[in-house]
Amino acid sequence: MRAVTWHGKRDVRVDTVPDPQIKEPDDAIVRITSSGVCGSDLHLYEVLGPFLDEGDILGHEPMGVVEETGPEVKHVKPGDRVVVPFNIACGRCHMCGMQLYAQCETTQVREHGSGAALFGYTKLYGQVPGAQAEYLRVPQAHFGPIKVPEGPPDERFVYLSDVLPTARQAVDWADVPDGGTVTVLGLGPIGQMCARIARHLGYRVIAVDFVPERLEMARRHGIEVIDSDDADDVPDAVRQLTGGRGTDSVIDAVGMEAHGSPGAKLAQTLTGLMPGNSAAPLMSRVGVDRLAALGTAIEIVRRGGTISVIGVYGGMTDPLPMLRMFDKGIGLRMGQAHVRKWVEELLPLVTDDSDPLGVMDLATHRLPLEKAPEGYEMFQKKQDGAIKVLLQPGA
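In this text the structure is predicted, and so the values were computed from the model without any measurement. Numbering of residues begins from 1 in every chain and follows the order in which that chain's sequence is written. It should be noted that, the model being predicted, local features are given only for residues of pLDDT at least 70 and side-chain atom pairs only at 80 or more, the latter also being counted only at that level, while totals for whole chains, interfaces and linings use all residues. Only heavy atoms go into the side-chain values, all of them from the structure, while hydrogens and water stay out.

Peer 1: How would you sum up the environment of Ile 29? Please name residues and give values.
Peer 2: Here Ile 29 lies in strand β3 (residues 28–37). The spacing of Ile 29 and Gly 64 is 35 residues in sequence and 9.8 Å in space, taken between C-alpha atoms. Any two residues having at least one pair of non-hydrogen atoms within 4.5 Å are treated as being in contact. In this view, Ile 29 contacts Pro 20, Gln 21, Ile 22, Val 65, Val 66, Glu 67, Glu 68, Tyr 135, Leu 136 and Arg 137; residues no more than four positions away in its chain are not counted. Each helix is a run of H or I in the DSSP string that is no shorter than four residues. Each strand is a run of E no shorter than two, and both are numbered from the N terminus.

Peer 1: Would you mind going over the side chain of Ser 308 in detail, with residue names and values included?
Peer 2: Tracing the backbone shows Ser 308 in strand β12 (residues 306–309). With a relative accessible area of 0%, Ser 308 lands in the buried category. Of note is the side chain of Ser 308, whose polar atom sits 2.8 Å from the backbone oxygen of Ala 170. Look past the residues within four positions of Ser 308 in its chain and what remains in contact with it is Ala 170, Trp 173, Ala 174, Val 250, Ile 251, Asp 252 and Arg 333. Using a 1.4 Å probe on the protein chains alone, a residue whose accessible area is under 20% of its type maximum counts as buried, one over 50% counts as exposed, and one in between counts as partly exposed. Any pair of N or O atoms that falls within 3.5 Å is considered a polar contact. Within protein, one atom must be able to donate a hydrogen and the other to accept it, and sequence-neighbouring residues count only if both atoms are side-chain atoms.

Peer 1: Can you lay out helix α1 (residues 39–46) for me, pointing to particular residues and giving the numbers?
Peer 2: In terms of burial, α1 is a largely internal element, 7 of the 8 residues being buried. Considered for burial, the residues of α1 that qualify are Ser 40, Asp 41, Leu 42, His 43, Leu 44, Tyr 45 and Glu 46. Those residues of α1 that are buried are in contact with β1 (2–8), β2 (11–16), β3 and α12 (372–380).

Peer 1: Tell me what's going on with empty space enclosed by the protein, and back it up with residues and numbers.
Peer 2: In this analysis the probe radius is 1.4 Å and the grid spacing 1 Å, with only protein atoms considered; a cavity is a set of points the probe fits into but cannot get out of, a pocket is an open set with protein on both sides within 12 Å along at least five of seven lines, and lining residues have an atom within 4 Å of a point. Grid points are joined across faces, edges and corners, and a volume is the space filled by probe spheres set on the points. Overall, the coordinates contain 1 cavity of 30 Å³ or more when judged by the stated rule. When its volume is computed, the largest cavity comes out at roughly 90 Å³. Along the walls of the largest cavity sit 14 residues, with Pro 85, Asn 87, Ile 88, Ala 89 and Gly 144 positioned nearest its centre. Split into classes, the residues belonging to the lining of the largest cavity amount to 10 nonpolar, 3 polar and 1 charged. Three classes are used: nonpolar for Ala, Val, Leu, Ile, Met, Phe, Trp, Tyr, Cys and Pro, charged for Asp, Glu, Lys and Arg, and polar for all others, with Gly counted as polar.

Peer 1: With reference to specific residues and values, describe the pairing of β12.
Peer 2: Alternating positions in β12 separate into two faces, Thr 306 and Ser 308 on one and Ile 307 and Val 309 on the other, with burial throughout. As judged from the 4 bridges shared by strand β11 (residues 249–252) and β12, these two strands associate in the parallel manner. Along β12, the bridge assignment pairs Ile 251 with Ser 308. Strands pair, by our definition, only if DSSP identifies at least two bridges between them.

Peer 1: Got a sec to walk through the packing of helix α3 (residues 163–174) against helix α4 (residues 189–200)? Specific residues and values, please.
Peer 2: Every axis corresponds to a line fitted to the C-alpha atoms, with the helix fit spanning only the stretch in contact, and the corresponding angles, defined between N-to-C directions, vary from 0 to 180 degrees. Relative to each other, α3 and α4 sit at 55°, their axes nearing to 8 Å. What the angle tells us is that α3 and α4 run oblique. Here α3 and α4 pass one another in a crossing that is right-handed. On the side of α3, the interface is formed by Val 163, Leu 164, Thr 166, Ala 167, Arg 168, Ala 170 and Val 171, while α4 contributes Pro 189, Ile 190, Met 193, Cys 194, Ile 197 and Ala 198. Counted by class, the contact of α3 with α4 contains 11 nonpolar, 1 polar and 1 charged residues. Under this scheme an angle from 65 to 115 degrees is roughly perpendicular, one under 35 degrees roughly parallel, and one over 145 degrees roughly antiparallel; angles in between are oblique. In this scheme the crossing of two helices becomes right-handed for a clockwise turn of the near helix relative to the far one and left-handed for an anticlockwise turn of less than a right angle.

Peer 1: Describe the environment of Gly 55, listing the residues and the values that go with them.
Peer 2: Along the polypeptide, Gly 55 turns up in the loop between α1 and β4 (62–69). Sequence-wise, Gly 55 and Thr 5 are 50 residues apart; in three dimensions their C-alpha atoms are separated by 5.0 Å. When residues no more than four places from it in sequence are discounted, the contact partners of Gly 55 are Thr 5 and Trp 6.

Peer 1: Tell me what's going on with the sheet that holds β12, and back it up with residues and numbers.
Peer 2: Spatial strand order, β10-β9-β8-β11-β12-β13: 6 strands in an open sheet with parallel pairing. Two strands bound the open sheet, and with one partner strand each, they are β10 (224–227) and β13 (331–334). Ignoring strand direction, the axes of neighbouring strands in this sheet form an average angle of 20°. As paired strands, β12 and β13 are joined by 4 bridges and run parallel to one another. Within β13, the position partnered with Ser 308 by the bridge is Arg 333.

Peer 1: So what's going on with the UniProt feature "domain: Alcohol dehydrogenase-like N-terminal" (unreviewed entry) in the protein? Which residues, and what values?
Peer 2: The sites that UniProt annotates as "domain: Alcohol dehydrogenase-like N-terminal" (unreviewed entry) are residues 25–146. Within the segment residues 25–146, helix and strand shares are 10% and 21% respectively, and the terminal C-alpha atoms sit 18 Å apart. UniProt positions are given in the numbering used here, feature names are shortened, and annotations may be inferred rather than shown by experiment.

Peer 1: I'd like a description of α4, backed by residues and values.
Peer 2: Taking 1.5 Å as the rise per residue, α4 with 12 residues should run 16 Å; its terminal C-alpha atoms sit 16 Å apart, in good agreement. Of all 12 residues making up α4, 10 are buried, and the element is well covered by its neighbours. Among the residues of α4, those classed as buried are Pro 189, Ile 190, Gly 191, Gln 192, Met 193, Cys 194, Ala 195, Arg 196, Ile 197 and Ala 198. Lining the buried residues of α4 we find α3, β8 (181–185), β9 (204–209), α5 (212–220), β11 and α12. Following α4 by one or two positions, Gly 202 adopts a phi angle in the positive range, close to 95°. Multiplying 1.5 Å by the helix residue count minus one yields the expected span of that helix.

Peer 1: Give me the nonpolar core: which residues, what numbers.
Peer 2: Here, nonpolar core means buried Ala, Val, Leu, Ile, Met, Phe, Trp, Tyr and Cys residues that are tied together by side-chain atoms lying within 4.5 Å of each other. Of all hydrophobic cores here, the largest spans 71 residues; its most connected members are Tyr 159, Leu 164 and Ile 251. Not counting residues within four places of it along the chain, the set of residues in contact with Leu 164 comprises Tyr 159, Met 193, Ile 197, Leu 346, Val 350, Leu 357 and Val 359. By size, the runner-up hydrophobic cluster in this structure holds 19 residues, among which are Ile 206, Val 234, Ala 237 and Val 301.

Peer 1: Kindly report on the packing of aromatic side chains, identifying the contributing residues and their values.
Peer 2: Centres within 6.5 Å are what make two rings of Phe, Tyr or Trp a pair, Trp counting through its six-membered ring; a difference in plane orientation under 30 degrees is then read as stacked, over 60 as edge-to-face, and the rest as tilted. Enumeration over the complete set of coordinates arrives at 2 aromatic pairs. Ring geometry for Tyr 45 and Tyr 376: centres 5.5 Å apart, planes at 40°, overall tilted. Of this pair, Tyr 45 sits in helix α1 while Tyr 376 sits in helix α12, placing them 331 residues apart in sequence. For the pair shown, Tyr 45 and Tyr 376 are each scored as buried. Between the aromatic rings of Tyr 101 and Phe 143, the centroid separation amounts to 5.3 Å while the plane-to-plane angle is 45°, which identifies the pairing as tilted. Residue Tyr 101 is located in the loop between α2 (94–97) and β6 (135–138), and its partner Phe 143 is located in the loop between β6 and β7 (146–147); the two are separated by 42 residues in the primary sequence.

Laid out in structure tokens, this is it:
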């Protein structure tokens, strides 16, 4: 089959690799019809290479059609249309019983002290072959795949694999009071959906970015926006819109590669140039993130408010302004999305013909699998108005 593979920093290719096979009785094989390129895939493209091997298959936002199942898989069958969550969970362990699926005790990657295994996302998360491919082996398929209706286009459903549950969890963890206010930092795909979901739930949303196409997309969905390139002081601009206090909550949908952190950017760049066998241990012990977005969140949020971090961070020695955070009484929540927890709530919204979350207005580029390298470069460089890239094997 053909698959998107990692070959080095900013070097992804489409290679011919062996077809996946059923290995365990709870496996399934899914023929992929759509697979998103996620903002966190760009961390692999740019920063997290030391935790990858050449030839690793990328991707974790898939949907498709079940081709084959192991004998323990009963809830889906060949021919079913399914979305596959990005995290691999058993649905049976203590953590899954608490709906903490991203911490599944069956698939935790204990060798690296990590949570549940993820598709296509480094040795830290199990080095499981990813979903930007023609076919995908799905472990724990007795629980993971989500059956969706025939008929509507993939774009109605594919975001249930990651984008929508991640955004819904971010809003939940922001703990916005009834009728309250929330700032969303970053208007990539996750930030766009955070803003739309928060607005759908009745909150006032202020979103911050500097990319014109992202700002315009948010405006189309009724979101107040601040262009960070035009604002001398973003926290002050938010305070001016909120009676001088700041918003009740802030969602950081940017993460480790935030603009405005030149020292950390240099450290990430230099580490990325080291051989993998040297860089990976260094990043595991003393890696740093670009913290501009989180620092901005700390300044924006009102006293006693909550920051929800959904952008991916990977540093181990990040300095935080603990005095400022303690003095302001800030609550802080973060982590991978527990995808299956949110699907029951989200599925009626994506099947609603009125499209209340605007899922049909998120993808800006739909590319055949063979053009994945172009898609990665375009997305990473924010070229051609790229906000969300979907790869479509067989197109």
